[in-house]
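So you can see what is in the structure, the chains are spelled out below.
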Amino acid sequence: MSNIDLAPGSRVRTGHCLCGSISYRFDAEPETVVLCHCAHCQRNSGGAFSVNVLVARDSLEIKGTPKSYQTVGVENGNLRDRLFCTDCGTPIFTILHERPDLMIVKAGTLDDPSGLKPAAEVWWRRAQDWVEPNPNRARFDGDAK
């Protein structure tokens with residue numbers, strides 16, 4: 001999808017939804033990459049966890065208009081705006097109301113996710129029993145502290 005010619009060492013990353021109606025780019029190093037095992041992320045991703053790339057919200061440029069669906073954490077009460085494509089249903093972004101300066105980009109929507117390494121896992125107590133812990137990642141039973 002991306003027609004941007006990135007220079008070697010560039011911080012620019014691009015991505016899009018499955019059908020291409022929503023595309024984005026950001027020019028910033030991710031603050032971190034986190035695997036989330038909460039029930040909402042499992043349901044939203046259709047998988048055992050969501051791979052979340054946290055980037056500065058002001059570094060993100062979005063083309064197209066994603067739809068937003070708001071959820072409230074059952075255990076922590078935190079509001080989340082989950083943004084997705086109305087044409088193909090791809091989950092693309094999440095906004096954390098307690099961190100409005102950040103945007104979560106769903107790693108599976110990146111054109112090139114190489115070089116991203118999860119640093120932590122949150123909501124580990126909700127992880128599927130077949131998911132093996134990685135000793136090189138911080139694990140939190142709930143939200144990261």
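Note that the structure is predicted; figures quoted are calculated from it, not measured.

Engineer: Whenever I open this one, the overall build of the chain confuses me. Can you help?
Structural biologist: When helices and strands are tallied, the chain shows one helix and eleven strands. The C-alpha atoms of the chain give 15 Å as radius of gyration, which agrees with the globular expectation for 145 residues (15 Å, within 12%). The buried share of the chain, taken over its 145 residues, is 41%. Nonlocal contacts in the chain, meaning residues at least 24 apart in sequence, comprise 50% of its contacts between residues at least 6 apart. When the accessible surface of the chain is split by element, carbon and sulfur atoms take 49% of a total near 8,200 Å². Averaged over its 17 positive side-chain charges, the chain has a centre that lies 3 Å from the centre of its 18 negative ones.

Engineer: I'm lost on the pattern of salt bridges in this one. Help?
Structural biologist: Where charged atoms from two side chains of opposite charge approach closely, those side chains can pair. By the definition in use, this model includes five salt bridges. Salt-bridge contacts for Asp27 lead to Arg11; the nearest nitrogen and oxygen are separated by 3.4 Å. Here Arg11 lies in the segment before β1 (12–16) and Asp27 lies in strand β2 (residues 23–27), a separation of 16 residues in the sequence. In this structure Asp27 comes out as partly exposed when scored by relative accessible area, which is 38%. Judged by its relative accessible area of 40%, Arg11 falls in the partly exposed class. Taken together, the salt bridges that share partners define one network made up of Glu31, Arg99 and Asp101.

Engineer: Just checking my understanding: could you explain the pairing of β1 for this structure?
Structural biologist: A regular strand carries its side chains on alternate faces of the sheet. Of all the five residues making up β1, four are buried; the element is thus mostly covered by neighbouring parts of the structure. Inspection of the sheet shows β1 paired to β2 by five bridges, in the antiparallel sense. Opposite His16, over in β2, you have Ser23 as the bridge partner. The turn linking β1 back onto β2 is made up of six residues, and Gly20 within it adopts a positive phi angle of 90°.

Engineer: Explanation requested: the sheet that holds strand β5 (residues 60–63) in the structure shown.
Structural biologist: The strands making up a sheet associate through backbone hydrogen bonding, with each pair oriented either parallel or antiparallel. One open sheet accounts for three strands, arranged β1-β2-β5; its pairing is antiparallel. If you trace the sheet from one side to the other, it starts and ends with β1 and β5, each paired once. Neighbour-to-neighbour, the strand axes of this sheet turn through a mean angle of 15°, independent of strand direction.

Engineer: In this structure, what is going on with the side chain of His37? I would like to understand it.
Structural biologist: In this fold, His37 is placed in the loop between β3 (32–36) and α1 (39–45). Using a relative accessible area of 0% as the deciding quantity, one classes His37 as buried. Within the structure, the side chain of His37 is placed 2.5 Å from the side chain of Glu121, a separation counted as a polar contact. Sequence-distant contacts of His37, that is, excluding residues within four places in its chain, are made with Gln42, Ala48, Phe49, Glu121, Val122, Trp123, Trp124, Arg126, Ala127 and Val131.

Criteria and cut-off values
Residues numbered from 1 in each chain as written. Predicted model: local features only at pLDDT ≥ 70, side-chain atom pairs only at ≥ 80, totals over all residues. Heavy atoms only, no water. Helix = DSSP H or I, 4+ residues; strand = E, 2+ residues; numbered from the N terminus. Rg over C-alpha atoms; globule rule 2.2 N^0.38 Å. Buried < 20%, exposed > 50% of the residue type's maximum accessible area, 1.4 Å probe, protein only. Contact = heavy atoms within 4.5 Å. Areas by Shrake-Rupley, 256 points an atom, 1.4 Å probe, with all protein chains shown as cover. Lys, Arg positive; Asp, Glu negative; His and termini not counted. Charge placed at Lys NZ, Arg CZ, Asp CG, Glu CD. Salt bridge = Lys/Arg side-chain N within 4 Å of Asp/Glu carboxyl O. Pairing = 2+ DSSP bridges. Axes fitted to C-alpha atoms, helices over the stretch in contact; angles between N-to-C directions. Polar contact = N/O pair within 3.5 Å; in protein donor to acceptor, adjacent residues only side chain to side chain.

Function cannot be inferred from these measures alone, as they are strictly geometric.
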